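# Topology and contacts: notes
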Amino acid sequence: MHTLTLQLLNHLCEVLKVSRAKKIFRQSFINEAKYGIPEILEEIIKSYPYALEYLDEDVFKLAVLNRYEKIFNLICEIGMHRQLIIRTIDDSNNDNILHLAGKLAPPHRLSLVSGAALQMQHELHWFKEIKKYAPRAFSESENENKDKLKMVFIKEHEKLIKEGEKWMKGTAKCYALAAALIATVVFAAAITIPGGNHDDTGIPNFSKEIAFKVFAVLDALSPFLSIASEVDIWPCYSISLRNIHDDSLQWRNLSSLW
């Protein structure tokens, strides 16, 4: 279906009359930014390069609000991002492009990342990426409500920041619980011998069986492997949490980004 749609788009670009080009191409660009289909922009540019004059700030605004990285990068590649960043203003509240990037992502886009802390990290990274291309003066601009960029971001993400901190604490507790459960199971397996021992000698009844020897070796190795896995996983997880926490502190302190 996706391939057929692109083929149909290609055909329309070939037979399209100039008199109808603006209306059709502009709506196509809007749909591309609304639903996140960068192939539409690629196909139109390839088949009808002059259609770029119909690529306006409404398309750019939708791409930023909906967090469509591919569309944003494609617009940057064709060199139109500079003029669109300056021209993009939300008429309802006089928000510039950084105010828009500081708004919370729509639920259908936010849910693509699992965990509130990771969602917050993704939001921060997206904003920082947009900020690289915006004029420095945009950071101090106020919208209709007299809110500067940092205040817009805080208001929009206040709930997500709290949920992220709660998520980090809860995940840390789950890791500690998992480590305790693994240690308990391994210890129980180490002191439990399948088949029991011989009453007179105390030697395991299945000591001559190959399967028992394999079990004994694996049972002896399991505590060390379990501990090693926890030791390996925990530093990686701690580093990830620390990075997320540092990013959150940047917005709570609001000193390093402004």
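In this text, all values refer to a predicted model and were calculated from it rather than measured experimentally.

### Observations regarding the overall build of the protein
- Check the secondary structure of the protein and you find 11 helices and 0 strands.
- Along the protein, helices and strands appear, N-terminal first, in the series α-α-α-α-α-α-α-α-α-α-α.
- Considering only intrachain contacts with a sequence separation of at least 6, the fraction spanning at least 24 residues in the protein is 74%.

### Digging into the nonpolar core
- Ranked by size, the top nonpolar core spans 42 residues in total, and within it F29, F60, V64, I75, I97, L98 and I130 carry the most contacts.
- Counting only elements with at least two residues in this core, the list comes to helix 2 (18–35), helix 3 (38–47), helix 4 (57–65), helix 5 (69–77), helix 6 (81–87), helix 7 (97–101), helix 9 (116–133) and helix 10 (149–191).
- It is helix 9 that contributes the most residues to this core, 6 residues altogether.
- Excluding anything up to four places from it in sequence, F29 contacts L41, I44, A51, Y54, L55 and V59.

### Quick look at the packing of aromatic side chains
- Evaluation of the coordinates by the stated rule reveals 4 aromatic pairs.
- Between F72 and W126 the ring centres are 5.7 Å apart and the planes differ by 65°, which places this aromatic pair in the edge-to-face class. Placement of the pair is F72 in helix 5 and W126 in helix 9, with a sequence separation of 54 residues.
- Relative to Y133, the ring of F72 has its centre 5.5 Å away and its plane inclined at 70°; by these criteria the two rings are edge-to-face. Placement of F72 in helix 5 and of Y133 in helix 9 is noted, with a sequence separation of 61 residues between them.
- Judged by its relative accessible area of 0%, F72 is buried.

### Concerning the side chain of H157
- Position of H157 among the secondary structure elements: in helix 10.
- A polar side-chain atom of H157 sits 3.4 Å from the main-chain carbonyl oxygen of G102.
- Among all residues touching H157, those that are not within four sequence positions of it are G102, K103, L104, M120 and E123.

### Considering the packing of helix 5 against helix 9
- Relative to each other, helix 5 and helix 9 sit at 10°, their axes nearing to 13 Å. By the angle class used here, helix 5 and helix 9 are roughly parallel. Here E69, F72 and C76 of helix 5 come into contact with helix 9, specifically with H122, W126, I130 and Y133.
- Classifying every residue of the contact of helix 5 with helix 9 by side-chain character gives 5 nonpolar, 1 polar and 1 charged.

### What to know about the environment of P135
- Tracing the sequence through the fold places P135 in the loop between helix 9 and helix 10.
- The spatial distance from the C-alpha of P135 to the C-alpha of I85 is 8.6 Å, given a sequence separation of 50 residues.

### Here we look at the packing of helix 3 against helix 5
- The contact between helix 3 and helix 5 brings their axes to 9 Å, and the two run at 25°. With respect to their mutual orientation, helix 3 and helix 5 come out roughly parallel. Of helix 5, the residues touching helix 3 (which contributes P38, L41 and E42) are K70, I71, L74 and I75.
- Residue composition of the contact of helix 3 with helix 5, by class: 5 nonpolar, no polar and 2 charged.

So, how was this worked out
- Residues numbered from 1 in each chain as written.
- Predicted model: local features only at pLDDT ≥ 70, side-chain atom pairs only at ≥ 80, totals over all residues.
- Heavy atoms only, no water.
- Helix = DSSP H or I, 4+ residues; strand = E, 2+ residues; numbered from the N terminus.
- Contact = heavy atoms within 4.5 Å.
- Core = buried A, V, L, I, M, F, W, Y, C linked by side-chain atoms within 4.5 Å.
- Buried < 20%, exposed > 50% of the residue type's maximum accessible area, 1.4 Å probe, protein only.
- Phe/Tyr/Trp six-rings, centres within 6.5 Å; stacked < 30°, edge-to-face > 60°.
- Polar contact = N/O pair within 3.5 Å; in protein donor to acceptor, adjacent residues only side chain to side chain.
- Axes fitted to C-alpha atoms, helices over the stretch in contact; angles between N-to-C directions.
- Parallel < 35°, antiparallel > 145°, perpendicular 65-115°, else oblique.
- Nonpolar A, V, L, I, M, F, W, Y, C, P; charged D, E, K, R; others polar.

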